[in-house]
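As a plain string of letters, each chain reads:
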Amino acid sequence: MNGKVYLVGAGPGDPELLTVRALRLLETADVVLHDDLVPDAIVALASKRALVTSVGKRCGRPRITQAGIHALMIDSSRRGLMVVRLKSGDPMVFGRAAEELNALREAAIEVEVVPGVSAMFAAAAAMQVPMTDRRTASKLILIAGQHAADKSAPPPLWSGTLPEDATLAIYMPGRDFAALARELRSAGVAGDVAVVAVSKAATPEQRVDGVRLSELETLQAGAAPLLVLVGRAMDCVLAGQGEHLIEELSAAAEGLHG
Ligand SMILES: C[S@@+](CC[C@H](N)C(=O)[O-])C[C@H]1O[C@@H](n2cnc3c(N)ncnc32)[C@H](O)[C@@H]1O
């Protein structure tokens, strides 16, 4: 009898942010195949009898091909084993889930997806800055800054004009902030819009740096993994969180009394 494959979100790195379901599956898995971004503290929660393998691809140099990962999942499952495919953040956000789900379906392997906390939500929670704010941002746009290696000329970050009332979350932003600034300017983003770089969100090494778009090339951001957030809703990060929280509290008090 075939086993089953679970595509599981490991969250941004803090074991406390795993879902209860993710933890239960890790504790009972026969095979765990995890990405590089999943920290040891989470991998260590896997059952002691599980076969645990890192299938990450560091610095764009694959140690194992995507087809190799599919083969590992399919073979293990056909041996009747329960496989946890552990991905950072949420498995359905920039995680090659489409390719893995297709391969499993074609092989008639049963699969279930378990969501995780995506980097953007971890960054918002850690900074205490909402991604949407009815005064400034009613849209949320998730963008991948780096594209699949088989595309010879990467398409622009965005074609056309970006909505003014949107927060952009740029995953895998790269380190060429001058090029990123040019792309954002040509998509119509104003020079005074806030750009915030969150490094290692929800880990003890988390670091937050912010500038206006007009100064983006001067940004000294922390180490990868890095998430770049752009939009008016990020203004409060530049203004200082204390000020922002006081503003929010007074608005709430006004609401209560008036
Ligand atoms: C291949 S994508 C995977 C995204 C993941 N599925 C998610 O939902 O967060 C990897 C990118 O996610 C972002 N990322 C993942 N973990 C992060 C963290 N703890 N802090 C900041 N960015 C993170 C970075 O932009 C990184 O380059």
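Structure first, text after, so check above.
Numbering of residues starts from 1 in each chain and follows the order in which that chain's sequence is written. Where local features are concerned, this predicted model is filtered to residues with pLDDT of at least 70; where side-chain atom pairs are given and counted, the filter is 80 or more; whole-chain, interface and lining totals use all residues. Hydrogens are left out, water is left out, and the side-chain values use all remaining heavy atoms of the structure.

**Considering the site of the ligand**
Next, step 1: In the vicinity of the ligand there are 17 residues, among which Val93, Ser118, Met172, Ala201 and Leu226 approach most closely.
Next, step 2: Definition of a polar contact: a pair of N or O atoms within 3.5 Å, with one able to donate and the other able to accept a hydrogen when the atoms are protein atoms, and with sequence-neighbouring residues admitted only if both atoms are side-chain atoms. Contact distances for the ligand include 2.9 Å between an oxygen atom and a backbone N or O atom of alanine 119.
Next, step 3: Separating an oxygen atom of the ligand from a backbone N or O atom of methionine 172 is a distance of 2.8 Å.
Next, step 4: Only the protein chains shown count as cover for residues, and the accessible areas themselves come from Shrake-Rupley with a 1.4 Å probe. For the ligand, whose unbound accessible area comes to 570 Å², protein coverage reaches 89%.
Next, step 5: Residue polarity follows a fixed list, in which Ala, Val, Leu, Ile, Met, Phe, Trp, Tyr, Cys and Pro are nonpolar, Asp, Glu, Lys and Arg are charged, and the others, Gly among them, are polar. When its residues are assigned to classes, the shell around the ligand shows 12 nonpolar, 3 polar and 2 charged.
Next, step 6: Looking at which domains feed residues into the shell around the ligand, each of domain 1 (4-117) and domain 2 (120-243) gives three or more. Neighbouring residues are identified by heavy atoms, a residue being near a molecule or strand if any of them is within 4 Å of it. Where each domain begins and ends is defined by an automated method or by a domain database.

**Some words on the side chain of histidine 70**
Next, step 1: Only DSSP runs of H or I covering at least 4 residues are called helices, and only runs of E covering at least 2 are called strands; the numbering of each starts at the N terminus. Tracing the chain through its elements places histidine 70 in helix α3 (residues 66-78).
Next, step 2: Any two residues having at least one pair of non-hydrogen atoms within 4.5 Å are treated as being in contact. Those residues in contact with histidine 70 that sit more than four places away from it in its chain are Glu99, Glu100 and Ala103.

**Digging into α3**
Next, step 1: Expected span, for any helix, means 1.5 Å times one less than how many residues it has. Its 13 residues place the ends of α3 18 Å apart at the C-alpha level, agreeing with the 18 Å of an ideal helix rising 1.5 Å per residue.
Next, step 2: For the exposure calls, accessible area comes from a 1.4 Å probe over protein chains only, and a residue counts as buried if that area is under 20% of its type's maximum, exposed if over 50%, partly exposed in between. Here α3 has its buried residues at Gln66, Ile69, His70, Met73, Ile74, Ser76 and Ser77. Each buried residue of α3 lies within a common arc of 165 degrees when the element is viewed along its axis, so the set occupies one face.
Next, step 3: In the stretch just after α3, glycine 80 is the one whose phi turns positive, near 85 degrees. Regarding the arc, it is the one traced by the directions from the helix axis to the C-beta atoms.

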